[in-house]
Amino acid sequence: MSSFSDRLVSAWYQPDFNPLLAPLLPLSKLVEWQVRRRQHQYHLNQEHLWQPPVPVIVVGNITVGGTGKTPLVATLVSVLQQRGFSPGIISRGYGAKVDTFPADVSLDSDPAKLGDEPVMLAEMTGVPVVIDPDRPSAARYLLSNHECDVIISDDGLQHYALVRHIEMVVLDGARWLGNGRCLPAGPLREPADRLESVDFIISNGKPVADFDNTACNIMTLVPTRLVNLKSGKAIPLSEWKNFTTPAYAVAGIGNPGRFFVSLRSLGFTGGEKAFPDHHAYCPDDFAFAGGQPVIMTAKDAIKCRRFAHDNWWYLAVDAKLPDSFWEQVSARLSDFPSSFQPVSANG
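Anyway, here's the lowdown on the structure attached to this text. Computed from a prediction, not measured in an experiment: that's the story for all the values here.

What counts, and at which threshold
- Residues numbered from 1 in each chain as written.
- Predicted model: local features only at pLDDT ≥ 70, side-chain atom pairs only at ≥ 80, totals over all residues.
- Heavy atoms only, no water.
- Helix = DSSP H or I, 4+ residues; strand = E, 2+ residues; numbered from the N terminus.
- Expected span 1.5 Å × (residues − 1).
- Buried < 20%, exposed > 50% of the residue type's maximum accessible area, 1.4 Å probe, protein only.
- Arc of directions from axis to C-beta.
- Salt bridge = Lys/Arg side-chain N within 4 Å of Asp/Glu carboxyl O.
- Pairing = 2+ DSSP bridges.
- Phe/Tyr/Trp six-rings, centres within 6.5 Å; stacked < 30°, edge-to-face > 60°.
- Lys NZ or Arg CZ within 6 Å of the ring centre and 35° of its normal.
- Core = buried A, V, L, I, M, F, W, Y, C linked by side-chain atoms within 4.5 Å.
- Contact = heavy atoms within 4.5 Å.
- Polar contact = N/O pair within 3.5 Å; in protein donor to acceptor, adjacent residues only side chain to side chain.

One turn of an α-helix holds 3.6 residues; hence residues three or four places apart share an orientation. Relative to the 28 Å expected for 20 residues at 1.5 Å per residue, helix H2 (residues 25-44) spans 29 Å between its end C-alpha atoms, a close match to the ideal helical length. Listing the buried residues of H2 in full gives Ser 28, Val 35, Gln 39 and Tyr 42. Angularly, the buried residues of H2 cover 55 degrees about the axis, an arc narrow enough to put them on a single face. Exposed residues lying more than 90 degrees from the buried face of H2 are Pro 26, Lys 29, Trp 33 and Leu 44.

Laid out in structure tokens, this is it:
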């Protein structure tokens, strides 16, 4: 039997209005009013906001749930480095349990203390990662303690206290905007017309709908390899045929169904088990698998390595976007004040 939250999410993405949502409509109107009030205050008080001396790129979304931001942030870091920049990342650090903020995130940080996504980004990119719910505080700390000439904010689209120079919104192409309503009667954090003010709309997969003819950049998440949680050994996907035992697929992300569909399209067979987003795994969570292989996402793997079995793997993916997108991003960065000069690739 599905939980109320599962039924609610399902209702958000149904083509016809679900009566389950009717009692929530007044709350959605209140959320929309509060969001528009905050946006108005932001525009009125911009002179009091902190303007970093380097450009800020916000990669966020206006819907709840997973859309593919993390692979995009990792690819953005790589592309910027190739073009001579030295980026750093700031993040809220959802679920972090530290005594003081801001806090540095390293490759060997405990995801239970510093957040799963920041630790994953530190591992995937190798660049400085700083967490703090106060985004300006995180940005100041990053610039004071690390050599960075571009700040990438992982999420934070709705945190207006930090002046940003480029806004990227990632949408799930299959789900899109759902019923177009704000929380809790719909999946939107902000009204849909917020998309009219962002610099780039990125659709994870071909979008099922258009938004007032606004151009969308299509992002494809390309599975590249399987990585063993214990040894770190990577194998091509084609080598999985050497494993005769079906594998269990596990996902504790915003949209686990997308991960399961991706595995099926690659020919993987076996059971599927979804956990809540940001789930804090323990060994008992995997009792159902017995001795069978387990395949999970990179985000899950960060939290499972310390008790992983020899036959546990994660699926590594790369975000692919057209060259024209990256040229547009470079052009926007070139509009930053002329006093800003990117650091060369050789330092």
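As enumerated under the stated definition, the model contains 16 salt bridges in all. The closest approach of N and O atoms between Asp 310 and Lys 230, which form a salt bridge, is 3.3 Å. Taken together, the residues span a long stretch of sequence, with Asp 310 in the loop between helix H8 (298-304) and strand S13 (312-320) and Lys 230 in the loop between strand S8 (217-228) and strand S9 (234-236) at a distance of 80 residues. Each member of the pair, Asp 310 as well as Lys 230, is classed as exposed.

At the junction of Phe 101 and Pro 102, the peptide bond is cis and its omega measures out at -5 degrees in the coordinates. With respect to the helices and strands, the residue Pro 102 is situated in the loop between strand S2 (87-91) and strand S3 (103-105). Residue Pro 184 is reached from Leu 183 by a cis peptide bond, and omega for that bond is 0 degrees. Considering the arrangement of structural elements, one finds Pro 184 in the loop between strand S6 (166-172) and strand S7 (200-204). Not every positive phi belongs to a glycine, and Asp 155 is a case in point at roughly 70 degrees. Inspection of the secondary structure assignment puts Asp 155 in the loop between strand S5 (150-154) and S6.

Here the focus is the pairing of strand S1 (residues 56-60). Across the 5 residues of S1, 5 count as buried, placing the element largely inside the fold. Residue alternation in S1 divides its side chains into two sets, Val 56, Val 58 and Gly 60 and Ile 57 and Val 59, and both sets are buried. In terms of strand pairing, S1 meets S5 through 4 bridges, oriented parallel. Within S5, the position partnered with Ile 57 by the bridge is Ile 152. Sheet analysis places S1 next to S6, joined by 4 bridges and oriented parallel.

According to the stated counting rule, one finds 12 aromatic pairs in the structure shown. Within the aromatic cluster, the residues linked to one another by ring pairs are Tyr 248, Phe 275, Tyr 281, Phe 286, Phe 288, Phe 307 and Trp 312. Here the basic side chain of Arg 332 rests over the ring of Phe 200, its NZ or CZ set 5.5 Å away from the ring centre.

In this structure, Ile 57, Val 59 and Met 168 are the most contacted members of the largest nonpolar core, which totals 36 residues. Not counting residues up to four positions away in its chain, the partners in contact with Met 168 are Ile 57, Val 58, Val 59, Gly 60, Leu 76, Phe 200, Ile 202, Phe 325 and Val 329. With 23 residues, the next largest nonpolar core counts Ile 62, Val 130, Leu 188 and Leu 195 among its residues.

Following the sequence through the fold, Asn 228 ends up in strand S8. Taking relative accessible area as the criterion, Asn 228 reaches 6% and is therefore assigned buried. Within the structure, the side chain of Asn 228 is placed 2.9 Å from the backbone nitrogen of Ser 231, a separation counted as a polar contact. Setting aside anything within four residues of it in sequence, one finds Asn 228 in contact with Lys 233, Asp 310, Trp 312 and Trp 313.

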